[in-house]
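Topology and contacts: notes
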Amino acid sequence: MMQPSCLSSEAEEEISRHPCYSEEAHRFYARMHIPVAPACNIQCNYCNRKFDCVNESRPGVVSEVLTPEQAERKVRGVASQLMQLSVVGVAGPGDPLANPEQTFDTFARVRKHVPDVSLCLSTNGLTLYRHVDEIMELGIRHVTITINAIDPEVGQAIYPWVFDEGVRYEGREAAELLISRQLLGLELLAKLGILVKVNSIMIPGVNDHHLAAVSARVKELGATLHNVTPLIIAPGSQYEADGRKAPRPKELLNLQEQLGRGGMKVMRHCRQCRADAIGLLGQDRNPDFPLEAMEAEPVINEEARAMFQRELDTKIRERVLAKQARRIQAGGQKTRVAVATRGGDKVNQHFGHATEFLVYDTDGTDVQLLGVRKIQAYCHGKADCNGDKATTLQEIISILSDCRILLCSGIGEAPRASLNTNGVLPLVRKGGIQEAILESVKYSSYFEKLNISKG
Ligand code: CLF
Ligand code: SF4
């Protein structure tokens, strides 16, 4: 059985350039999602088909679906411009394996024209076991399966039906079939050395107390990484009608810590990307690469790409070594810091425009990412949820209640005063996140005394 502790050096290298599998890589390497898969073969209670798949991408705007030919053109165009592109994934907007022809045709085209990128597939797992040979043949090395339950009793409160080979299954039978297929697919792929990540959506009152059991089981079957994300409820979904709520950040954090103690490698930097996202995690540069602007035969300079990526590898290695050295020196008290960012590993987002915060702990020498807190998760997908500024501010303050400092590129007087009153010190900074955190923690006591922040 493949366990994280016994990964081959080839697998270690693949992980080191994958922005989702490696926390360090996500600062430097980009991913590109190609939306070629519109259909789905199951129903999740948090989903509404008018929106992208919530398992691997957040709802909001429906992705434009591309044909495999269009996808090829777009990937070639992006790879010729985006030197740090290391992964091309199919993650929706429905389930990639409910659209196997489009999905595998697209992967084959990418493999042929941009052979240096890793291929990544994200699926609900219902038909995964049938596609193991194609996955191996195409050299797809990363597969994500969304597994929200291993007990059909829990699963039936998440999946009202699944549709397989012309038969519609409902209730417990549907959950039983889906779970058995997900676990079978995971086991088959892990045995073949494919790096399998499991995504689980934390649904308070449904599977929150069950996810430790899910984690233990998928670890046993050979999953490399477990990514637990907060529930996002699509407008018009069953869970919206039921009045279900996203978990509180603290609950998610506690669960992630519990899973980590169970020996599973836990992903904490997931940004719940859209099915057509392009760029570093947290960035969505899709509008920078319109299909119409792509040349028919773009030049992909493989040598230049390789050289650029070797330089990134060196930067990552240096960061890891420096981090290890700081960890050895450290030992002081921790300060929790929230950062408003648009990606690129920089403090570069105005407080008022932030839709998420990255949260870190620091002891003054080392900086550790704890997770991403989305403000949207509290809006439950309703377009008018930000209408009341005072309520929104109160929600943000409650989301950041365990943070001592907030770093952002700008902030208005009213939120600055409210945050200060509630024990969160807002500081205006620009530039690298790690440097800004270390510098702010060093001088925070000074600003606290003056009760002012720079900028
Ligand atoms: Fe895309 Fe997913 Fe591959 Fe990453 S995303 S298919 S594994 S390349 Fe990554 Fe985005 Fe989270 Fe997904 S941050 S939603 S985990
Ligand atoms: Fe929706 Fe994705 Fe679930 Fe299919 S797998 S029902 S697209 S959330």
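These numbers were taken from a predicted model, which means no experiment stands behind them.

About the criteria used
- Within every chain, residues take consecutive numbers counted from 1 along the sequence as written.
- A letter from A marks each chain and a number from 1 marks each ligand, given out in the order of writing.
- Where totals are concerned, whole chains, interfaces and linings use all residues; where local detail is concerned, this predicted model gives features only for residues with pLDDT of at least 70, and gives and counts side-chain atom pairs only at 80 or more.
- Side-chain descriptors were evaluated using all non-hydrogen atoms of the structure, hydrogens and water having been removed beforehand.
- Note on ring pairs: Phe, Tyr and Trp rings are taken, using the six-membered ring of Trp, and paired if centres are within 6.5 Å. Classes follow the plane angle, with under 30 degrees stacked, over 60 edge-to-face and the rest tilted.
- Helix and strand definitions follow DSSP, with helices as H or I runs of at least four residues and strands as E runs of at least two, each counted in order from the N terminus.
- Relative accessibility decides the category of a residue: with a 1.4 Å probe and only protein chains considered, values under 20% of the type maximum give buried, values over 50% give exposed, and everything between is partly exposed.
- Take the buried Ala, Val, Leu, Ile, Met, Phe, Trp, Tyr and Cys residues and link them wherever side-chain atoms come within 4.5 Å; each set so joined is a nonpolar core.
- When checking whether two residues touch, look at their non-hydrogen atoms; a contact exists if any pair is within 4.5 Å.
- Pairing of N or O atoms within 3.5 Å defines a polar contact, subject to two protein rules: one partner must be a possible hydrogen donor and the other a possible acceptor, and residues neighboring in sequence count only if both atoms are side-chain atoms.
- To obtain the arc, one takes the directions from the helix axis to the C-beta atoms.
- To obtain an axis, a line is fitted to C-alpha atoms, over the contacting stretch when the element is a helix, and the angle between two such axes runs from 0 to 180 degrees between their N-to-C directions.
- Handedness of a crossing is defined here by the sense of rotation of the near helix relative to the far one, left-handed for an anticlockwise turn of less than a right angle and right-handed for a clockwise turn.
- Polar here means any residue other than Ala, Val, Leu, Ile, Met, Phe, Trp, Tyr, Cys and Pro, which are nonpolar, and Asp, Glu, Lys and Arg, which are charged; Gly is therefore polar.
- Each residue carries a pLDDT score, the predictor's confidence in it, ranging from 0 to 100.
- Being paired, for any two strands, means DSSP has found at least two bridges between them.

On to the packing of aromatic side chains. For the structure on display, the rule yields two aromatic pairs. Both rings, one in Y46 and one in Y239, keep their centres 6.2 Å apart while their planes meet at 55 degrees; by these two values the pair is tilted. Taken together, the positions of Y46 in the loop between strand 2 (42-43) and helix 2 (68-81) and Y239 in helix 8 (residues 238-242) put the pair 193 residues apart, joining distant regions of the chain. Taking relative accessible area as the criterion, Y46 reaches 1% and is therefore assigned buried.

Another aspect to go through is the nonpolar core. Ranked by internal contacts, the top residues of the largest apolar core, which has 76 residues, are I34, Y46, I135, I140, V143, I158 and L186. Considering each element in turn, this core owes the most residues, seven residues, to helix 6 (residues 171-191). When sequence neighbours within four positions are dropped, the list of residues in contact with I135 reads F104, L121, L128, I140, V143, L189 and I194. Counting 21 residues, the second-largest nonpolar core is a separate cluster that includes L253, A338, I399 and L419.

Next up on the list: the environment of Q434. By the secondary structure assignment, Q434 is in helix 13 (residues 433-450). Put simply, Q434 and K346 are 88 residues apart on the chain and 8.4 Å apart in space, counted from C-alpha to C-alpha. Discounting residues that sit within four places of it in the chain, Q434 has contacts with R319, R326 and V367. A distance of 3.4 Å separates a polar atom in the side chain of Q434 from a polar atom in the side chain of R319.

On to helix 7 (residues 211-220). Every buried residue of helix 7 is accounted for by L211, V214, S215 and V218. For helix 7, the buried positions fall inside an angular range of 100 degrees around the axis, keeping them on one side. Among the residues trailing helix 7, G222 stands out with phi positive, at a value near 110 degrees.

Quick look at the packing of helix 7 against helix 9 (residues 249-261) now. Viewed as axis vectors pointing N to C, helix 7 and helix 9 meet at an angle of 35 degrees, and their least axial separation amounts to 10 Å. In the packing of helix 7 onto helix 9, the handedness of the crossing is right-handed. Across the interface between the two elements, L211, A212 and S215 from helix 7 touch L255, Q258 and L259 from helix 9. Looking at the contact of helix 7 with helix 9, its residues break down into four nonpolar, two polar and no charged.

Summing up the model confidence of the chain, the mean pLDDT is 87 and the portion of residues at 70 or higher is 89%. Taking the mean pLDDT of every element in the chain, the minimum, 73, falls on helix 13 and the maximum, 98, on helix 5 (residues 152-155). pLDDT under 50 marks residues 1-5. Its contacts with residues more than four places away, or in other chains, come to 12 contacts. Segment residues 449-455 is flagged for pLDDT under 50; beyond a separation of four residues in sequence, or across chains, it makes 12 contacts in the model.

Counting buried residues in strand 14 (residues 356-362) gives seven out of seven residues, a clear majority hidden from the surface. In strand 14, alternate side chains face the same way, and those of E356, L358, Y360 and T362 on one face and F357, V359 and D361 on the other are all buried. One ladder, built from six bridges, connects strand 12 (residues 335-340) with strand 14; its direction is antiparallel. Paired with A340 across the bridge in strand 14 is F357. With seven bridges connecting them, strand 14 and strand 15 (residues 367-374) associate as antiparallel partners. Looking at strand 15, one finds that F357 is bridged to R373. Taking the residues between adjacent antiparallel strands as the criterion, strand 14 and strand 15 are bridged by four residues, where G364 takes a positive phi near 100 degrees.

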